[in-house]
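# Coordinate analysis (summary)
For reference, the chains in residue letters:
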Amino acid sequence: RGRAVRRPLRGALVALVSVAGCVLDFNGFRVPTPTRDAGVTPDVGFDAGFDAGVPSDVAPDVRVEDIAVDQAPSGDRGDPRCAPPANAVIRVAHMALGIPSVDLCMRRATGDAPFAPVQANDWPAGGVAYATVSQHVSLNGQVAAANDRWHFALVPHGTDCAAAATAGVPVATLTVTVDPQSQSTLLFTSEVRSDGRVFGLLGLLSDQACTTCPANTVDVRAVHASLGASADRINLSINYGLPSPGPMAFVNVLFANNISYGQTAPVGGAGYDCDTAWRAAAALSDAYTVQFAAEAVSTDVLARSERVGLKVDLLLRSRMATVFFIGGDGVRTPAPEFLLCYEGARDAGMTVCDRIAAAAVPRPVVGDAGAPADAVDAPAEADAGPEDDVLL
C-alpha cells in the first residue's frame, strides 16, 4: 500500500504541477531543543467516520516542489515584528487529557520568595483549559543575565499561588534556567499509572518569534501530546487535493517523524522545520481542504483528521505553525484530535489555534494494556519528585 512519504529537499517552487517521488530532507540537521529525554522530567504528579477523502495511508507517493507560490518574505527575521521581547516570556500549552483548567505560578529559584501568579493582564481569566494554548506572558521579574533559574508551577484554576510550594497542591512543577528575551512553552501532558490514576507532566519547548526558513516554505513544528498513543513514537502527514489537470490528484507528505510523547520531531531549530508541502497547501484556493494523519512509526495509521481549510491569511503572514497531536485512542480514552496553532509574527496573534476532530483507526487490543476506561475521571494524587534544570 502507498504510505505517507518524506518531503523533498528545500528548493524553489515554480509553476504548477510536476510531481513525483519524495524524500525527507535531513540536510542541515540542527540541534534539537532539550526535551524530557535530555533531563526534563516533572517535579510533581497529579491524578486527576469522517469524510476523509483519500486516506493518508493509501494516497499516492508524490513530490511537492513545483506548485507556484508567492515569494514574498513575510515574517522573516528581518521583519521588525520579529524583534525579541523586552523580557523573557513563557506560555502554557495544556494538552493533559483528564486534568481541568490550570493557572501558572512562578518565582525565581534562587531565593525564598513565595510563588506568585502571572502579573501580565492578558492571562486568561478562566485559566488555561485542555486543548488550549495561552499567549506568551512576561516573567514576573526582569531576566538580565543568562542562566537565570526560575521555578514554575501549574495549580488548579482558582488556587492561591502562595500554596504552590505545599506538597500535593501543584498539578506539576518544573525548574528551568532562562536567558534574556527567550521565548518558551511549558508543555503540559498527562500519563496514567498502572493503578489507573492520571497525573500531570511538564516539559519545555523553545519557541521562535519568526521563521528562519526560505519564503517558499512554512516553518512547521509537530508535537506528540496524545495520551492514547503515549507508548508510540509517531509520524505526522498532511494530504490535500491538487487542481486539475495534472499528473497527480493528491499530495500526501510526511512533515514530521519519529516523535516521542511530550516532544517535538528531532529535526530543525527548536523542533521547527522548513516544509514545502505546507506552503503549497497555503497557495491553494479556499475550495481545497487538508487532512492530517498520525501513524505509529513502522506500523499503521492511528488517526485521521476531518478535512479542514487552512487559515491562509495567518499562515502566509507568519509562515509558522505548530501541530499538536492530542487526545486518546477513541476506545478506552476520548477520541484523538489535532490542534493547529498559527504563530510567529505578533500581528498573527502569536497563538491562534484550531481544534480539529479526528477518527481513530482501530488497533488490536493486547491483554489489558492501555488506560482504563475511567482513567480521566480518577481522583487526584500528588507525588513529590526531583527538580530538573533546562537551559533555554
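Look up a bit, the structure's there.
Residues numbered from 1 in each chain as written. Predicted model: local features only at pLDDT ≥ 70, side-chain atom pairs only at ≥ 80, totals over all residues. Heavy atoms only, no water.

## Quick look at the environment of Met95
Applicable threshold: Starting at the N terminus, helices and strands are each numbered in turn, a helix being any DSSP run of H or I of at least four residues and a strand any DSSP run of E of at least two. Residue contacts are counted whenever heavy atoms from the two residues lie within 4.5 Å of one another.
Considering the arrangement of structural elements, one finds Met95 in the loop between strand E3 (89-94) and strand E4 (102-108). When the C-alpha positions of Met95 and Phe324 are compared, they lie 8.4 Å apart, and in sequence the two are 229 residues distant. When sequence neighbours within four positions are dropped, the list of residues in contact with Met95 reads Tyr130, Ala131, Thr132, Val133, Leu187, Phe188, Thr189, Ala225, Phe324, Ile326 and Leu339.

## A word on the environment of Gly269
With respect to the helices, strands and loops of the structure, Gly269 is situated in the loop between strand E14 (250-259) and strand E15 (272-275). On a C-alpha basis, the gap between Gly269 and Thr211 in space is 9.8 Å, while along the polypeptide they are 58 residues apart.

## Notes on the nonpolar core
We apply this condition: Only buried Ala, Val, Leu, Ile, Met, Phe, Trp, Tyr and Cys residues count toward a nonpolar core, and they belong to the same one when joined by side-chain atoms within 4.5 Å. Residue exposure (1.4 Å probe, protein chains only): buried if accessible area is under 20% of the type maximum, exposed if over 50%, otherwise partly exposed.
Counting residues in hydrophobic clusters, the biggest one holds 40 residues, and the most contacted among them are Leu236, Tyr240, Phe255, Trp278, Phe292, Phe338 and Leu340. Ignoring sequence-local partners within four residues, the contact set of Leu236 consists of Ala222, Val253, Leu254, Phe255, Ala256, Ile259, Ala293, Ala294, Val323, Phe325 and Phe338. Within the second largest apolar cluster, 27 residues are counted, among which are Ile99, Val128, Trp150 and Phe152.

## Some thoughts on the state of the cysteines
Think of a disulfide as a covalent bridge from one cysteine sulfur atom to another cysteine sulfur atom. Worth spelling out the cut-off: Note that a disulfide, as used here, is simply two cysteine sulfur atoms within 2.5 Å.
This model, assessed by the stated rule, comprises four disulfides. One disulfide in the model links Cys82 with Cys210; its S-S distance is 1.7 Å. Measuring handedness by torsion sign, the sulfur bridge of Cys82 and Cys210 sits at about -85° and is left-handed. Of this pair, Cys82 sits in the loop between strand E2 (44-46) and E3 while Cys210 sits in the loop between strand E11 (198-206) and strand E12 (218-226), placing them 128 residues apart in sequence. Disulfide pairing is shown between Cys341 and Cys353; the S-S distance is 2.1 Å. Between Cys341 and Cys353, the S-S torsion sits near 105°, and that sign places the bridge as right-handed. Of this pair, Cys341 sits in strand E19 (residues 336-343) while Cys353 sits in strand E20 (residues 352-360); the two residues are 12 residues apart in sequence, bridging distant segments of the chain. For Cys341, a relative accessible area of 2% puts it in the buried group. Numbered by order of appearance in the sequence, the disulfide-linked cysteines of the protein pair as 1-4, 2-3, 5-6, 7-8.

As far as function goes, none of this settles anything; it's purely spatial.
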